[in-house]
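Listed here are the chains, written in short residue letters.
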Amino acid sequence: MDSNNLIINLTDISFSYPGSPKVLDNLDLQLSRYDKVGLIGPNGSGKTTLFHIIMGLLKPLSGKIEIFGKTAKEEKDFISVRRKIGLLFQDADDQLFSPTVLEDVAFGPLNLGRSRDEAVDIARKTLDFLDLGEFEDRLTYKLSGGEKRLVSLATVLAMEPETLLLDEPTTGLDEKTKTKIKKTLCELDLSYILISHDLDLLFEITDSIYTIKNGKIIVDDKVHLHQHTHAHPHGLYSHKHK
Ligand SMILES: Nc1ncnc2c1ncn2[C@@H]1O[C@H](COP(=O)(O)OP(=O)(O)OP(=O)(O)O)[C@@H](O)[C@H]1O
Ligand SMILES: [Mg+2]
């Protein structure tokens, strides 16, 4: 692996919530520039926890976090991490907190030191890029689940991150909206780790799959993604894909 291109380098990370068994147990993870990685694992296996560790929202019990070649340990180290890595939260309500869509999307650039006018300009361009231009005056708390998901993605992209951590970005979305997110990710050409239970999606927009099991990342050569052909001759009846 070319260490100059290493964006995320976790070594021996262990973590447990207070009073609970270990969620992450001596976990190693590497993400390099241009990598598009899918992350799978059962419910409760620690996928979201892992993202929160990378962003410095949770502190590991032990282990080393290196981001863009720099060790990140204290809260101050994670300030620059959060400028470079954009996290799309699993729950959009954790992401959105401003009254209107425009304010929410402008918040990130403002926080990064842009002027009010610049931040609004970036926010408008990002919303347009996602075909959400008409949403700017909408109240965020009144958006539908799928709309919140898209606006959340806009808040992340408006910060012009170098890498994305996407926690189930398409869960609960209709096919059209899902396609929009897929297209956006392809167009942006950023590296990312994408958590999803949707193997068809991972087949389309990732290059490799990591599995989280017993608190560790397994790069399983046996996980060969293949695409299903969804002709569905049996319509509503349950059926198996070969
Ligand atoms: N704030 C918390 N306090 C205590 N335990 C927690 C907390 N958040 C998560 N957990 C527990 O930690 C484990 C890992 O949770 P996590 O949310 O990381 O799983 P996940 O792989 O993202 O699951 P899912 O696929 O359901 O989103 C679970 O057993 C969960 O119940
Ligand atoms: Mg999760």
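Residues numbered from 1 in each chain as written. Chains lettered and ligands numbered in written order. Predicted model: local features only at pLDDT ≥ 70, side-chain atom pairs only at ≥ 80, totals over all residues. Heavy atoms only, no water.

Draft legend 1. Up close: the sheet that holds strand E10 (residues 216–218). Reading across from one edge, E6-E7-E8-E3-E9-E10 is the order of the six strands in this open sheet, with mixed pairing throughout. A strand with exactly one partner marks an edge of an open sheet, and here the two such strands are strand E6 (85–88) and E10. Neighbour-to-neighbour, the strand axes of this sheet turn through a mean angle of 20°, independent of strand direction. Pairing geometry for strand E7 (residues 163–167) and strand E8 (residues 191–195), over five bridges, is parallel. In the sheet register, Thr-163 faces E8, and the bridge partner there is Ser-191. On top of the sheet, helix H1 (residues 47–54) reaches strand E3 (36–40), E6, E7, E8, strand E9 (208–213) and E10; it is set at about 150° to E7, its chief contact. (Pairing = 2+ DSSP bridges. Helix = DSSP H or I, 4+ residues; strand = E, 2+ residues; numbered from the N terminus. Axes fitted to C-alpha atoms, helices over the stretch in contact; angles between N-to-C directions. Contact = heavy atoms within 4.5 Å.)

Draft legend 2. Region of interest: the pattern of salt bridges. For the structure on display, the rule yields 15 salt bridges. Between Lys-216 and Asp-25 there is a salt bridge, with the nearest N and O atoms lying 3.9 Å from each other. Here Lys-216, found in strand E10, pairs with Asp-25, found in strand E2 (residues 22–32); they are 191 residues apart in sequence, far enough to count as distant. Given the relative accessible area of 34%, Lys-216 is considered partly exposed. Note that Lys-148 and Asp-93 form a salt bridge whose closest N and O atoms lie 3.1 Å from each other. (Salt bridge = Lys/Arg side-chain N within 4 Å of Asp/Glu carboxyl O. Buried < 20%, exposed > 50% of the residue type's maximum accessible area, 1.4 Å probe, protein only.)

Draft legend 3. Representation of the coordination of the magnesium ion (ligand 2) within the structure. Bound to the magnesium ion (ligand 2) are the protein donor atoms Thr-48 (OG1) and Gln-90 (OE1), situated 2.0 to 2.2 Å from the metal. Of the two residues, Thr-48 sits in helix H1 while Gln-90 sits in the loop between E6 and helix H3 (101–111), which places them 42 residues apart along the sequence. The class for Thr-48 is partly exposed, based on a relative accessible area of 24%. For Gln-90, a relative accessible area of 39% puts it in the partly exposed group. (Donors = N, O, S within 2.8 Å, 3.2 Å for Na, K, Ca; no water.)

Draft legend 4. A look at the site of ligand 1. Close to ligand 1 lie 13 residues; Gly-44, Lys-47, Thr-48, Thr-49 and Gln-90 are nearest. With respect to ligand 1, the side chain of Gln-90 contributes an N or O atom lying 2.9 Å from an oxygen atom. Taken together, the residues that form the shell around ligand 1 break down as three nonpolar, eight polar and two charged. (Near = heavy atom within 4 Å. Polar contact = N/O pair within 3.5 Å; in protein donor to acceptor, adjacent residues only side chain to side chain. Nonpolar A, V, L, I, M, F, W, Y, C, P; charged D, E, K, R; others polar.)

Draft legend 5. Layout of the confidence of the model for the protein. The pLDDT averaged across the protein works out to 90; a share of 89% of its residues lies at or above 70. Contacts of residues 232–242 to residues separated by more than four positions or lying in other chains number six contacts, the stretch itself having pLDDT below 50. (pLDDT = per-residue confidence, 0-100.)

Draft legend 6. Representation of the environment of Lys-73. Along the chain, Lys-73 falls in the loop between strand E5 (70–71) and helix H2 (75–84). Look at Lys-73 and you get exposed, because its relative accessible area is 60%. Between the C-alpha atom of Lys-73 and that of Lys-59, which follows or precedes it by 14 residues, the distance is 8.2 Å. In this structure, Lys-73 is in contact with Lys-59 and Phe-78, ignoring residues within four places of it in sequence.

Draft legend 7. Structural detail: the packing of H3 against helix H4 (residues 116–129). Look at H3 against H4: their axes get within 8 Å of each other, and the N-to-C directions meet at 120°. Of the possible angle classes, the one that applies to H3 and H4 is oblique. Considering only the axes of H3 and H4, their crossing is right-handed. Residue-level contacts link Val-101, Leu-102, Val-105, Ala-106, Pro-109 and Leu-110 of H3 to Arg-116, Ala-119, Val-120, Ile-122, Ala-123, Arg-124, Thr-126 and Leu-127 of H4. A class-by-class count of the residues in the contact of H3 with H4 yields 11 nonpolar, one polar and two charged. (Parallel < 35°, antiparallel > 145°, perpendicular 65-115°, else oblique. Left-handed = near helix turned anticlockwise from the far one by under 90°.)

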